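So you can see what is in the structure, the chains are spelled out below.
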Amino acid sequence: MAPALPDFVDDLGGGVFAIDTGFLRPRFDAAYLVAHNGRAAFIDTGNNHAVPRLLAALEAIGLPPGAVDYVIPTHVHLDHAGGAGLLMTHLPRATMVVHPRGARHMIDPTVLYEGALA
């Protein structure tokens, strides 16, 4: 029997897991963990506060951080990609895949952060 998943993780089947990022209110924002044959990828990350949840989801399905090959933000808004940098520090083998127009914001998120504050 597989271990129980945390209450913020939903098994969608086929190796896809929805992770409630805890942004604003329960079930408002999700990141996804896709796992297959002992390898994994995160689709979106939520903000920095979501990173412990993402790592807990990975652990709950029995994969170590080194099993993550990709972090793929769908776009660079802070609620979808704000935690990407912090998450990458925990994933020793991961590569971030981001649209070329978003890459500069992943390298230096200052403009996005200032826009969110405004």
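Residues numbered from 1 in each chain as written. Predicted model: local features only at pLDDT ≥ 70, side-chain atom pairs only at ≥ 80, totals over all residues. Heavy atoms only, no water.

Asks: Break down the packing of aromatic side chains for me, citing the residues and quoting the values.
Replies: Considering all chains together, one arrives at one aromatic pair under this definition. Above the face of the Phe 8 ring, Arg 53 is positioned so that its terminal group lies 4.8 Å from the ring centre. (Phe/Tyr/Trp six-rings, centres within 6.5 Å; stacked < 30°, edge-to-face > 60°. Lys NZ or Arg CZ within 6 Å of the ring centre and 35° of its normal.)

Asks: Explain the sheet that holds strand β5 (residues 68–72) to me, using residue names and the numbers behind them.
Replies: Strand order in the open sheet made by the six strands is β1-β2-β3-β4-β5-β6, with mixed pairing throughout. In the strand order of this sheet, the two ends are held by β1 (9–13) and β6 (95–96), each with one partner. With two bridges connecting them, β5 and β6 associate as parallel partners. If you follow Val 71 over to β6, its bridge partner there is Met 96. Relative to strand β2 (residues 16–20), helix α1 (residues 51–60) is tilted by about 145°, and along the sheet it contacts β1, β2, β3 (30–36), β4 (39–43) and β5. (Pairing = 2+ DSSP bridges. Helix = DSSP H or I, 4+ residues; strand = E, 2+ residues; numbered from the N terminus. Contact = heavy atoms within 4.5 Å. Axes fitted to C-alpha atoms, helices over the stretch in contact; angles between N-to-C directions.)

Asks: Give me the lowdown on the nonpolar core, citing residues and values where you can.
Replies: Membership of the largest hydrophobic core comes to 20 residues, with the highest contact counts inside it found for Ile 19, Leu 33, Phe 42, Leu 58 and Leu 91. Secondary structure elements with two or more residues in this core: β2, β3, β4, α1 and β5. In terms of residue count, α1 provides more of this core than any other element does, four residues in total. (Core = buried A, V, L, I, M, F, W, Y, C linked by side-chain atoms within 4.5 Å. Buried < 20%, exposed > 50% of the residue type's maximum accessible area, 1.4 Å probe, protein only.)

Asks: Mind laying out the side chain of Asp 29, listing which residues take part and the relevant values?
Replies: Locating Asp 29 in the fold gives a position in the loop between β2 and β3. A polar side-chain atom of Asp 29 sits 2.9 Å from a polar atom in the side chain of Thr 21. Contacts of Asp 29, omitting those with residues within four sequence positions, involve Ile 19, Asp 20, Thr 21, Phe 23, Gly 46, Asp 79 and His 80. (Polar contact = N/O pair within 3.5 Å; in protein donor to acceptor, adjacent residues only side chain to side chain.)

Asks: Tell me about the confidence of the model for the protein, and please be specific about residues and values.
Replies: Scored by pLDDT, the protein has a mean of 90; 97% of the residues are at 70 or more. When mean pLDDT is taken per element in the protein, β4 scores highest with 98 and helix α5 (residues 110–117) scores lowest with 73. (pLDDT = per-residue confidence, 0-100.)

Asks: So, the pairing of β4: which residues are in play, and what are the values?
Replies: Here β3 pairs with β4 via five bridges, running antiparallel. The residue bridging Tyr 32 from the neighbouring strand is Ile 43, located in β4. Both β4 and β5 contribute to a ladder of four bridges, which runs parallel. Paired with Phe 42 across the strands is Val 71, a residue of β5. Considered for its hand, the β-α-β crossover made up of β4, α1 and β5 is right-handed. (Right-handed = clockwise from strand over helix to strand, strands pointing away.)

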